[in-house]
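Okay, here's what each chain looks like letter by letter:
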Amino acid sequence: MFERVNNSVRAFSVKLPKQKSSLAPDYIWSNADQDPVDISRRTWSGATFVLYWFSDLVTYSTWANGAAVVALGLSPSDAIWIVFVAAMCNAIPTVLNGAIGADLHIPFPIAVRASYGYWLSYFCVISRGILALFWFGVQSAGGATAITQMITAIWPSYTHLHNSLPASAGITSKGLLSYFIYHVVQTPFLFIRTEKLRWMFLAKTILVPPMALGMVIYLAVVAKDAPNFWAQKGTVTGSARAWLWLSSMTSITGGFSTLAVNIPDFSRFAKKSGSQWWQLPFIPIFKIVVSIFGVVGAAASKDLYGSVLWSPLDILAQWQGSSGGRAAAFFCAALWALAQICVNISANSVSFGNDITSLFPKYFNIRRGVIFAMLVGGWGMVPWIILSNAKTFLNFMSAYAVFMAPIAGIMLTDYWFVKRKKIDVPALYDPEGIYGKCNWRSLVIMILVIVPMLPALANKVTPNNVHIPKGLSNLFTINWLYGFVASCVLYYILNVVFPDKATLIPEVIHGATQIVEGVEGAVRSDTSLDDGAEGQAEKGLKEKEAVEVRGG
């Protein structure tokens, strides 16, 4: 065994071998994780997409969404409508951009090159990667809170564990130990291949809903004499209510704005085109149901525990006073920890792995990218410091989603309305291909849409130092809708007035696994390729090539 380990260590190389299956030309380094997904790995059905979003949305943060809106002064009915509108703002671009992955089976860092160009696309990839690292750490910190409740349920004395860390550490000894244990539990799950994640999502779907529903039913029954929370009126009126309504909607939308951009990282594993449409009804359904749970839980907790508790983990902390309560707290906390692990995989680690593989394919594949996210996002960024002392940084990262809206809008408009779903996939891997190094139209729009928001972004981070007009503050309140709609409209107009004719091809040109429209269809590309597998794709189909035929 030791000899095998020694051989593995000697065989390890910082630089990854360049794989011949790549579509990239010889002078561009690439690896198989960036290539179109092989037919054998296309395992996601419509039901898998439903399970995926169940994994992302049935979490304690979604639970808190509706109740937190009520805490701002809006009514419970306002909260549910806000969650619904925010869910649709997430669902529509997610479904439409998901078609890129489902149709072409390519990841987000490759797909975005069609609308931004080879090198400008790196701005989008880096923007997404920064958010992935940040949220990986924050979600891990939430999982550590669940671990704390689990250990406290077994050993109540854990609550009083001696703290040997200074206040400047931003975390207690108990919190750091829980965080470490959470990572020990989470780490093996991070290395599950994406096409096999559906089994993990299925496990969460079976186990977490009964638990969450059970918590809500218990709280509602025990607090049956509490005032009718749904009859509560909002405490703000007039224009203040309108702007608070829009601000809350933007905040909830922004929390999942990145997935509207990088959904091709997952939809590329679809068995067939169109599977991504299953997301459209289920994203709002899951968000609304879980948010209702949170509103009911918050109402009951005020009557039962004397204060409004927005997080289910805070509610579990109130159950630690009896043996029966501790047993319930342990099992519920264990399932909330599972929910956090699932969302960290589906929303952060896999996406960052794809991002860094695109940026540094010579040194990173998805597995190495996941390890990097775990070390840097989970530990290097010290998320407990961020959560405890850096409110301005949290505000900045929340507002940072202003970059995601125009990226999502440009990708969607380019694929559906400009290029009309006709993409030359091999050309996406070549900086000298038809999509060029920089699409100036996308650059102009990013400047026009984002630059006016920068003073408002600075005000969000340092409100005492940066002052902005009321009108700009109101515009920033709807920054997601503004960025998305403005980018869609402006990008379409620029492409009508100044069309990039070289990219407006008559048919789809697929990647490594050839897909032709009808048996006689030939596959070729105008980009320069070798005489290997890629060169054969340019010259036409060979006898032994695997061909997937779409009938019709």
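About the criteria used
- Residues numbered from 1 in each chain as written.
- Predicted model: local features only at pLDDT ≥ 70, side-chain atom pairs only at ≥ 80, totals over all residues.
- Heavy atoms only, no water.
- Helix = DSSP H or I, 4+ residues; strand = E, 2+ residues; numbered from the N terminus.
- Buried < 20%, exposed > 50% of the residue type's maximum accessible area, 1.4 Å probe, protein only.
- Contact = heavy atoms within 4.5 Å.
- Areas by Shrake-Rupley, 256 points an atom, 1.4 Å probe, with all protein chains shown as cover.
- Phe/Tyr/Trp six-rings, centres within 6.5 Å; stacked < 30°, edge-to-face > 60°.
- Lys NZ or Arg CZ within 6 Å of the ring centre and 35° of its normal.
- Core = buried A, V, L, I, M, F, W, Y, C linked by side-chain atoms within 4.5 Å.
- Axes fitted to C-alpha atoms, helices over the stretch in contact; angles between N-to-C directions.
- Left-handed = near helix turned anticlockwise from the far one by under 90°.
- Nonpolar A, V, L, I, M, F, W, Y, C, P; charged D, E, K, R; others polar.
- 1 Å grid on protein atoms, 1.4 Å probe; cavity = no way out; pocket = protein on both sides within 12 Å on 5 of 7 lines; lining within 4 Å.
- Points joined across faces, edges and corners; volume = space filled by probe spheres on them.
- Arc of directions from axis to C-beta.
- Polar contact = N/O pair within 3.5 Å; in protein donor to acceptor, adjacent residues only side chain to side chain.

**Q** Looking at this structure, how should I read the overall build of the protein chain?
**A** Assigned secondary structure in the protein chain consists of 24 helices and two strands. In the protein chain, buried positions account for 54% of the 552 residues. In the protein chain, of all internal contacts separated by at least 6 residues, the share reaching a separation of at least 24 is 81%. As displayed, the protein chain has an accessible area near 23,500 Å², and 65% of this comes from carbon and sulfur atoms.

**Q** Looking at this structure, how should I read the packing of aromatic side chains?
**A** Each pair of aromatic rings is reported with the distance of its centres and the angle of its planes. For the coordinates displayed, the defined rule picks out 27 aromatic pairs. Ring geometry for Tyr52 against Phe266: centres 4.8 Å apart, planes inclined by 45°, an arrangement best described as tilted. Linking Tyr52 in helix α2 (residues 46-57) with Phe266 in helix α12 (residues 264-267), this pair joins segments that are 214 residues apart in sequence. By relative accessible area, which is 0% here, Tyr52 ends up buried. Geometrically, the ring pair formed by Phe123 and Phe403 is edge-to-face, given 6.1 Å between the ring centres and 70° between the ring planes. Highlighted residues: Phe123 in helix α7 (residues 121-154) and Phe403 in the loop between α18 (391-399) and α19 (404-418), separated in sequence by 280 residues. Overall, the relative accessible area of 11% leaves Phe403 in the buried class. By the ring-pair criterion, three or more aromatic residues cluster together here, those being Trp44, Phe49, Tyr52, Trp53 and Phe266. The cationic tip of Arg113 hangs over the ring face of Tyr118; the distance from NZ or CZ to the ring centre is 4.2 Å.

**Q** How should I be thinking about the nonpolar core in this particular structure?
**A** Side chains of a nonpolar character, in soluble globular proteins, are inclined to be buried together. Tyr52, Trp53, Trp63, Met215, Leu316 and Trp336 are the most contacted members of the largest nonpolar core, which totals 73 residues. Counting residues per element, this core draws most heavily on helix α15 (residues 323-359), at 14 residues. Leaving out residues up to four positions away in the same chain, Leu316 has contacts with Gln149, Met215, Ala329, Cys332, Ala333 and Trp336. Within the second largest apolar cluster, 71 residues are counted, among which are Ile28, Leu104, Tyr122 and Ile410.

**Q** Mind showing me how you'd approach the packing of α2 against α15 here?
**A** Pairs of packed helices are described in terms of their axes, by the angle between the two and the distance that separates them. Direction vectors running N to C along α2 and α15 enclose 115°, while the axes themselves pass 7 Å from each other. For the element pair α2 and α15, the recorded crossing hand is left-handed. Touching Tyr52, Ser55 and Asp56 of α2 are Ala339, Cys342, Val343, Ser346 and Ala347, all from α15. In terms of residue class, the contact of α2 with α15 is built from five nonpolar, two polar and one charged.

**Q** Explain unusual backbone geometry here, please?
**A** Most peptide bonds take the trans configuration, and most residues that are not glycine carry a negative phi. The backbone of His105 sits at a positive phi, close to 60°, despite the residue not being glycine. Positioned with a positive phi, Val382 is a non-glycine residue whose angle comes to about 35°.

**Q** Before we go on, may I ask you to explain empty space enclosed by the protein in this structure?
**A** The gaps of empty space that remain are located by a probe, the size of a water molecule, rolled over the atoms. Considering all chains together, one arrives at two cavities of 30 Å³ or more under this definition. Considered as a void within the structure, the largest cavity measures approximately 70 Å³ in volume. Among the secondary structure elements, those contributing two or more residues to the lining of the largest cavity are α4 (76-104), α6 (113-116) and α19. Tallying contributions element by element places α19 first for the lining of the largest cavity, with three residues. Among the residues making up the lining of the largest cavity, the classes are represented as nine nonpolar, one polar and one charged.

**Q** So what exactly am I meant to see when it comes to the side chain of Lys204 here?
**A** Relative to the assigned elements, Lys204 resides in helix α9 (residues 197-222). Note on Lys204: relative accessible area 0%, which makes it buried. Those residues within four positions of Lys204 in sequence are excluded, and the remaining contacts are Phe54, Ser55, Asp56, Val58, Thr59, Pro209, Leu338, Ala339 and Cys342.

**Q** Explain helix α20 (residues 440-450) here, please?
**A** Note on helix geometry: an α-helix contains 3.6 residues per turn, so any two residues three or four positions apart are oriented the same way. Listed as buried for α20 are Arg441, Ser442, Ile445, Met446, Val449 and Ile450. One side of α20 carries all its buried residues, which in axial view fall inside an arc of 135°. Contacts from the buried residues of α20 go to α6, α7, α19, α21 (454-461) and α23 (479-497). For α20, the side-chain oxygen to backbone nitrogen distance between the N-cap and Arg441 is 3.1 Å, and the N-cap itself is Asn439.

In short, geometric facts, not functional conclusions.
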